[in-house]
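Here is what each chain is made of, one letter per residue.
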There are 4 protein chains.
Amino acid sequence: MKISIDVTMRYAFRQANTVTLAIEAAQTHGQRVLSESLDIPGAQIDRIGGDSGVGSKLFARVPEGEMALRYGAEVEISRPDPSLERMAAAPLHRLTSDALQYIRPSRYCQSDKFVSFVGARFSHLEGGTKVAAIRNWIEAKLSYVPGSSDADTNVLETFAGRQGVCRDYAHLFCSMARAAQIPARMVSAYGPDVAPSDFHAVAQVWLDGDWHLVDATGMCRANGLAVVAVGRDAYDVAFMESQAPAELLEQVVTVNRIG
Amino acid sequence: MKISIDVTMRYAFRQANTVTLAIEAAQTHGQRVLSESLDIPGAQIDRIGGDSGVGSKLFARVPEGEMALRYGAEVEISRPDPSLERMAAAPLHRLTSDALQYIRPSRYCQSDKFVSFVGARFSHLEGGTKVAAIRNWIEAKLSYVPGSSDADTNVLETFAGRQGVCRDYAHLFCSMARAAQIPARMVSAYGPDVAPSDFHAVAQVWLDGDWHLVDATGMCRANGLAVVAVGRDAYDVAFMESQAPAELLEQVVTVNRIG
Amino acid sequence: MKISIDVTMRYAFRQANTVTLAIEAAQTHGQRVLSESLDIPGAQIDRIGGDSGVGSKLFARVPEGEMALRYGAEVEISRPDPSLERMAAAPLHRLTSDALQYIRPSRYCQSDKFVSFVGARFSHLEGGTKVAAIRNWIEAKLSYVPGSSDADTNVLETFAGRQGVCRDYAHLFCSMARAAQIPARMVSAYGPDVAPSDFHAVAQVWLDGDWHLVDATGMCRANGLAVVAVGRDAYDVAFMESQAPAELLEQVVTVNRIG
Amino acid sequence: MKISIDVTMRYAFRQANTVTLAIEAAQTHGQRVLSESLDIPGAQIDRIGGDSGVGSKLFARVPEGEMALRYGAEVEISRPDPSLERMAAAPLHRLTSDALQYIRPSRYCQSDKFVSFVGARFSHLEGGTKVAAIRNWIEAKLSYVPGSSDADTNVLETFAGRQGVCRDYAHLFCSMARAAQIPARMVSAYGPDVAPSDFHAVAQVWLDGDWHLVDATGMCRANGLAVVAVGRDAYDVAFMESQAPAELLEQVVTVNRIG
């Protein structure tokens with residue numbers, strides 16, 4: 001699938017500061033960035049590699065006043081949809097150093113609290129079959145309710161409240177997979193099927209020696225997602241962070257199928 | 001049912017201090033204390049009424065060293081087992097001032113976090129039928145695992161972990177009932193069916209204009225429980241609290257059917 | 001001091017529901033309601049006593065659509081400003097049953113977590129001197145920053161973040177006083193010195209056998225506050241709660257010195 | 001400084017399982033492992049690199065029954081004590097990809113909650129001077145109290161309670177440094193000055209383009225510490241984790257200066 005991405009963001013800052021951005025589609029396994037452009041008038045931009053070597057983080061040093069950002073890209077996505085049920089989880093002693101960090105709890109994902117629930121509820125299943133069952137459980141049990149969570153909501157609250165938005169679905173998926181000792185990480189992404197159109201958050205799970213995309217909201221398929229960044233949870237993949245207080249003026253994300 | 005209660009507690013204190021106790025069977029609706037004795041050698045004892053007028057709290061001023069407590073009682077329990085399913089919940093505007101406080105969250109019971117889950121999962125039910133369904137859900141979903149929680153465990157952790165001891169069952173029951181706007185409070189009690197024999201924690205729910213005992217662990221029936229104290233959660237009904245560090249030397253609770 | 005209170009609230013509800021209100025100045029120790037009027041067109045109103053017998057809660061059953069509320073009152077306040085430093089805290093065994101509940105933790109006030117800090121930091125002080133030191137510490141250490149907290153903010157977050165609004169100041173004061181085993185409760189109130197004009201939250205502390213108003217923000221003095229409701233924390237004294245989702249249309253609180 | 005390390009651990013497992021260990025002194029900057037030996041009779045051992053390329057994690061597949069582990073090493077430590085006050089913090093846009101992850105919150109370190117406190121309290125300081133002031137503040141304000149925390153204690157609780165053990169000191173240091181946007185990570189280590197002798201936890205802070213050891217407890221100096229593992233918080237550097245329930249039978253850590 002080929003998609004076009006177009007992002008417009010405008011923020012007002014009361015002082016010069018450094019803005020950290022993770023908004024560019026990554027050159028990574030299963031997708032190819034055919035063309036892209038980034039324009040932030042007046043900003044000085046530095047770029048470093050993203051977590052686990054996926055994508056990049058940008059530091060934009062911007063003056064006081066308004067920051068207007070425009071990002072555009074065309075991305076070809078070639079990854080197949082994973083057949084989770086046919087995949088195997090690695091035993092602990094076969095995990096890579098990078099994958100190992102993603103079985104541990106994080107700021108929003110207190111996966112340690114779910115060990116007994118996941119152990120009991122999915123005890124009869126193994127590997128990808130267990131992962132698929134966890135994903136299906138989350139999609140069935142949670143309701144997608146815009147505004148039902150905020151940047152401070154953790155996964156214990158999501159589990160009790162049984163509602164959330166994409167980040168909460170992904171957090172719960174990561175937490176429950178980690179509780180089963182299967183590495184799972186947070187992924188920010190663009191997808192043409194995200195409705196209403198916005199930045200999207202999904203997960204990747206480590207099966208058969210590779211990472212596979214899982215969208216517990218059911219909105220997007222793996223071949224309909226352009227990965228931006230990965231990390232332990234929402235904090236690691238935030239599309240924008242500002243050192244100084246920021247006032248949002250405008251933010252439009254448009255993603256379309258093309259060709 | 002007539003029961004005998006016998007409690008032996010020994011603690012060592014490094015300094016003189018005041019110990020707050022809630023261990024006496026209450027003279028309250030549905031039960032009658034036929035005889036009782038309390039002996040704490042060397043202690044000066046003051047007594048005030050318990051929360052919501054149920055039972056009493058004791059303040060025992062004890063010297064440094066060992067406190068040996070002996071409490072014995074015979075209690076006749078005459079309350080019937082409630083047929084929750086046939087009872088009605090009061091609309092909000094018919095609640096009493098005392099009952100109203102028990103629909104609110106507390107230290108361990110963040111009932112506000114369960115509103116959407118309870119709203120969705122039990123939406124088709126009303127009043128006592130909803131209460132019974134909540135109780136049954138908890139008994140079915142939680143596992144009773146001694147040592148799986150501690151004094152700091154809150155109900156979000158219990159809900160995620162799906163295991164606990166009597167206090168956790170009662171906390172979750174109170175939280176879910178409150179989320180449905182049905183008053184529910186924590187109750188400490190003695191019962192001959194508690195195994196292994198110990199202080200027990202259950203709940204009371206406000207239906208048909210009165211409080212009714214509910215044991216979400218399934219261990220005890222309402223007519224097999226002698227109420228000691230009530231409150232918002234475990235903090236309010238603690239059987240023993242000490243100002244100074246206390247070392248537990250011995251604690252034996254024996255409860256038997258008699259007559 | 002004599003004050004006039006004028007409250008206008010307008011909310012839109014998508015369905016008929018019961019709204020719980022705690023907005024009327026209480027007939028209570030140290031203040032006298034000279035005249036008052038409440039008008040909620042179309043609502044059926046029930047009234048019960050507030051927590052600890054202070055003030056009252058109203059249940060307004062309102063139809064779908066807009067609720068327009070108007071409350072006006074004149075209140076004479078005669079309580080003196082407390083000289084906290086000259087007052088004594090009661091030993092535990094002299095507390096009343098009602099006061100005792102206010103040394104325990106609550107939903108937002110995890111006072112149990114502050115025992116060692118308060119014990120060490122204020123160990124050289126006793127009774128009212130300790131209370132005054134705690135109040136002064138909070139006023140000195142916290143910054144009043146509108147928008148820095150929300151309805152979910154608890155006192156551990158306030159203590160770490162060192163900023164908040166009136167509810168957060170009152171929560172921290174209650175938590176630290178309780179950690180010192182001095183009863184402290186949340187109070188909602190009106191005051192002409194609240195700036196910008198709004199509902200206000202302060203605390204009451206139990207010294208010399210009575211409750212005394214303490215405003216840790218430093219905005220108001222005890223004789224410049226008309227008490228509305230008391231409770232364990234913000235949940236117990238919420239001025240308005242709705243069963244159904246509510247959209248705020250307008251809210252204006254005007255309080256003036258008169259006469 | 002040259003030190004010898006000797007660790008004896010014995011655990012009983014009810015079933016065969018994989019134990020993850022991080023107990024070997026790392027071959028890393030500022031220290032050289034002169035000799036080492038590891039013996040776990042009956043175990044199959046796999047080894048992968050530790051977080052951020054420091055040290056290694058071991059997976060020991062052990063049979064049901066008792067696991068007896070013996071680890072010994074001699075390590076030469078050559079790193080100087082850092083003069084934090086003379087060092088500079090990197091601006092955000094000069095951080096490396098690896099360092100960047102260590103300014104973010106983690107499971108136990110909700111550093112986002114400390115931004116306003118750290119911003120206000122240490123606003124007059126920069127870089128290493130700020131780091132030193134944070135370290136000194138923590139050592140001055142916290143009390144080292146064995147048993148005052150457990151594996152579930154997070155940094156909000158530590159900050160409120162003002163006491164803890166080495167992991168809590170390190171967590172608070174990491175949280176406050178991160179809140180100042182200075183990368184800080186958790187470090188497990190051995191040191192001859194740890195009293196009573198045990199595994200130790202300290203922190204590393206990123207200044208002048210390198211990591212520098214900081215022990216907020218004041219027990220150890222940088223040249224008296226042999227680093228084992230690094231990570232975001234205690235979860236990432238746990239010296240031992242077991243899939244199955246484990247019963248501790250014996251654990252002795254002996255570290256001495258030699259030569």
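Keep in mind the model is a prediction, meaning the values are calculated, not measured.

Chemist: So what exactly am I meant to see when it comes to the interface of chain A and chain D here?
Modeler: How big an interface is tends to be stated in terms of accessible area lost as the parts join. Contact with chain A, which involves 31 residues of that partner, is made by 31 residues of chain D. When chain A packs against chain D, close to 2,800 Å² is buried across both sides, 50% of that on carbon and sulfur atoms. Applying the counting rule to chain A against chain D returns 14 salt bridges. The residue D46 of chain D makes a salt bridge to R94 of chain A at a minimum N-O spacing of 3.4 Å. Between chain A and chain D we count 18 residue pairs in polar contact (both at pLDDT 80 or more) in total. Looking at the side of chain A that touches chain D, the elements with two or more residues in it are β2 (17-21), β4 (44-49), β5 (56-62) and α1 (97-100) of chain A. Among the residues forming the side of chain A that touches chain D, the class breakdown is seven nonpolar, twelve polar and twelve charged.

Chemist: Explain the side chain of T20 of chain B to me, please; I cannot follow it from the model alone.
Modeler: With respect to the helices and strands, the residue T20 of chain B is situated in strand β2 (residues 17-21). Residue T20 of chain B is classed as buried on the basis of its relative accessible area of 8%.

Chemist: Just to check I follow, could you spell out the sheet that holds β2 of chain A for this structure?
Modeler: Either a parallel or an antiparallel arrangement is found when strands of a sheet pair, and the pairing is made through backbone hydrogen bonds. All names here are of chain A. Reading across the sheet, the four strands line up as β4-β5-β2-β13 and stay open at both edges, with antiparallel pairing between neighbours. The sheet is open, and its two borders are formed by β4 and β13 (240-242), each paired with just one other strand. Between one strand axis and the next, the sheet turns by 20 degrees as a mean value, whatever way the strands run. Pairing of β2 with β13 involves three bridges; the strand directions are antiparallel. For L21, the partnering residue across the bridge sits in β13 and is M240.

Chemist: Please explain unusual backbone geometry as it appears in this structure.
Modeler: The phi torsion of most residues other than glycine is negative, and most of the peptide bonds are trans. All names here are of chain A. Going from A195 to P196, the amide bond is cis rather than trans, its omega being -5 degrees. Locating P196 in the fold gives a position in the loop between β9 (184-190) and β10 (200-207). Even without being a glycine, S52 presents a positive backbone phi close to 55 degrees. You can see S52 is positioned in the loop between β4 and β5. Given a relative accessible area of 29%, S52 falls into the partly exposed group.

Chemist: Even after reading the chapter, I still don't get the packing of aromatic side chains, so can you show me in this structure?
Modeler: A ring pair, where both rings are aromatic, is described by two values, the distance of the centres and the angle of the planes. All told, the structure shown has 53 aromatic pairs over all chains when counted by the stated rule. Relative to W211 of chain B, the ring of Y102 of chain B has its centre 5.5 Å away and its plane inclined at 90 degrees; by these criteria the two rings are edge-to-face. Of this pair, Y102 of chain B sits in the loop between α1 (97-100) and α2 (115-121) while W211 of chain B sits in strand β11 (residues 210-214), and the two are 109 residues apart along the sequence. With a relative accessible area of 0%, Y102 of chain B lands in the buried category. For W211 of chain B, a relative accessible area of 12% puts it in the buried group. Put simply, the rings of F114, F117, F122, W137 and F159 of chain A together with F114, F117, F122, W137 and F159 of chain B pair up and form one aromatic cluster. Taking NZ or CZ as reference, R167 of chain B lies 4.8 Å from the ring centre of Y108 of chain B, over its face. Against the face of F122 of chain D rests R121 of chain D, its NZ or CZ located 5.2 Å from the ring centre.

About the cut-offs
Residues numbered from 1 in each chain as written. Chains lettered and ligands numbered in written order. Predicted model: local features only at pLDDT ≥ 70, side-chain atom pairs only at ≥ 80, totals over all residues. Heavy atoms only, no water. Contact = heavy atoms within 4.5 Å. Buried area = accessible area lost by both parts, 1.4 Å probe. Salt bridge = Lys/Arg side-chain N within 4 Å of Asp/Glu carboxyl O. Polar contact = N/O pair within 3.5 Å; in protein donor to acceptor, adjacent residues only side chain to side chain. Helix = DSSP H or I, 4+ residues; strand = E, 2+ residues; numbered from the N terminus. Nonpolar A, V, L, I, M, F, W, Y, C, P; charged D, E, K, R; others polar. Buried < 20%, exposed > 50% of the residue type's maximum accessible area, 1.4 Å probe, protein only. Pairing = 2+ DSSP bridges. Axes fitted to C-alpha atoms, helices over the stretch in contact; angles between N-to-C directions. Phe/Tyr/Trp six-rings, centres within 6.5 Å; stacked < 30°, edge-to-face > 60°. Lys NZ or Arg CZ within 6 Å of the ring centre and 35° of its normal.

Structural measurements only, silent on function.
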